[in-house]
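So the chains spell out like this:
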Amino acid sequence: MNQIPYNKLQIVTLTKKHDLTSFNSTNSDLNDFLNNCALNDQNERVSRTYLCMWERSITGYVALVTDTLEVHAVDEKDGIKNYLYHKYPAVRIARLAVDRNFMNRGVGRFLLLVAIGMAIEVSNKIGCRYITVDSKPESIGFYEKHNFKLVEKYRNNDFPKMYLNMYPIIAMMQPKESKEKSER
Ligand SMILES: CC(C)(COP(=O)(O)OP(=O)(O)OC[C@H]1O[C@@H](n2cnc3c(N)ncnc32)[C@H](O)[C@@H]1OP(=O)(O)O)[C@@H](O)C(=O)NCCC(=O)NCCS
C-alpha cells in the first residue's frame, strides 16, 4: 500500500463536532475509547486526543497524558547522573491507533512524530524528559522500530512499559554552538 505523504495529513484536536463512528482500528478497546471516553476525558482534562485526518477521513488518533517513569526503570545510559528524585517526568502515549483501512501507510509513524513533537514542546516549558507507552504486546516491534526501549522489569506484563529518551533528539536539534556547551 502507498504511504500517505505527510503534507496531506492534518492533526486536529478532538471536538464534539467530529463523527467518530466510522473509525475502526483492529483493536476494539481503542475504538471504544475514541467513541465513548476520549471527549469526556478531554473535557475533564485527564487526556488530550488528536485526530489524524486525510481528506475527510479519520485515519488514526493519539491520546496523550502526563506520566512519571521510575528512575530504576531506565537504562543507565538514558538516565541522569546523580538525579535526586525517584521518578522522571514524562508524557505518556495513553492510546494510539490507526484505522484498519489506513494501516501500513505511515500514519502510525506520523502520529508518533506528532506525539514526540508535542512532548518536546512541553519540555521547553515544563520539565519532561521521556515519552512512555504501555504497549500492546503486538505493537512492541512498532515502538522498538522508533527507538523506544522496553523496561525489562515489565517485559512480561500484559501491557509492557516502554520509553523513549528525548534528550538525544533535543540535543540533535540544537544549534552546533549550544550543543557543544550542553554535551555530556
Ligand atoms: C501499531 C499501529 C499503530 C501501526 O500503525 P501503522 O500506520 O500501520 O504503521 P506505519 O505504517 O506507520 O509503520 C511504520 C513502521 O513500523 C512498522 N510496523 C508497523 N506496525 C508494526 C508492528 N505491529 N510491529 C512491528 N513493526 C511494525 C512498519 O512495518 C513500518 O516499518 P518500515 O518503515 O520499515 O516500513 C497500528 O497497526 C495499529 O493501530 N494497531 C492496533 C492498535 C495498536 O496496537 N496500537 C498501539 C497501542 S499501544
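Below is a short write-up of the structure. No experiment lies behind these values; they were computed from the predicted model shown.

1. A short note on the site of the ligand
Line of reasoning, step 1. Neighbouring residues of the ligand: 22 residues in total, closest M103, G108, R109, G141 and F142.
Line of reasoning, step 2. When contributions to the shell around the ligand are tallied by element, the ones reaching two or more residues are β4 (87-98), α2 (107-123) and α3 (140-145).
Line of reasoning, step 3. In terms of residue class, the shell around the ligand is made up of eight nonpolar, nine polar and five charged.

2. A look at α2
Line of reasoning, step 1. For α2, spanning 17 residues, the distance from its first C-alpha to its last is 24 Å, which sits close to the expected 24 Å at 1.5 Å a residue.
Line of reasoning, step 2. Those residues of α2 lying buried are V107, G108, F110, L111, L112, A115 and A119.
Line of reasoning, step 3. Here the buried face of α2 lies against β1 (9-13), β2 (48-54), β3 (57-70), β4, β5 (130-134) and α3.

3. Some remarks on the pairing of β3
Line of reasoning, step 1. Judged from the seven bridges that link them, β2 and β3 form a sheet pairing that is antiparallel. Across the sheet, C52 pairs through a bridge with G60, a residue of β3.
Line of reasoning, step 2. Counting the residues between successive antiparallel strands, the hairpin from β2 to β3 contains two residues, one of them, E55, with a positive phi of roughly 55 degrees.
Line of reasoning, step 3. Alignment of β3 against β4, held across eleven bridges, turns out to be antiparallel. Across the sheet, the residue bridging to V62 is L96, located in β4.

Cut-off values and rules
Residue numbers run consecutively from 1 along every chain, following the written order of its sequence. Selection of residues for local features in this predicted model requires a pLDDT of at least 70, selection of side-chain atom pairs for listing and counting requires 80 or more, and totals for whole chains, interfaces and linings are taken over all residues. To decide whether a residue is near a molecule or strand, its C-beta atom is placed from the backbone and checked for lying within 6 Å of it. To qualify as a helix, a DSSP run of H or I must reach at least 4 residues; to qualify as a strand, a run of E must reach at least 2; elements of each kind are numbered from the N terminus. For this classification, the nonpolar set comprises Ala, Val, Leu, Ile, Met, Phe, Trp, Tyr, Cys and Pro, the charged set comprises Asp, Glu, Lys and Arg, and every other residue, Gly included, is treated as polar. Helices are assigned an expected span. That span is 1.5 Å times one less than the residue count. Around each residue's C-beta, the other C-beta atoms within 10 Å are counted; 20 or more make the residue buried, 12 or fewer make it exposed, and counts in between make it partly exposed. All C-beta atoms are placed from the backbone. It is the C-beta atoms, placed from the backbone, that decide contacts: two residues are in contact if theirs lie within 7 Å. Two strands make a pair as long as DSSP finds a minimum of two bridges between them.

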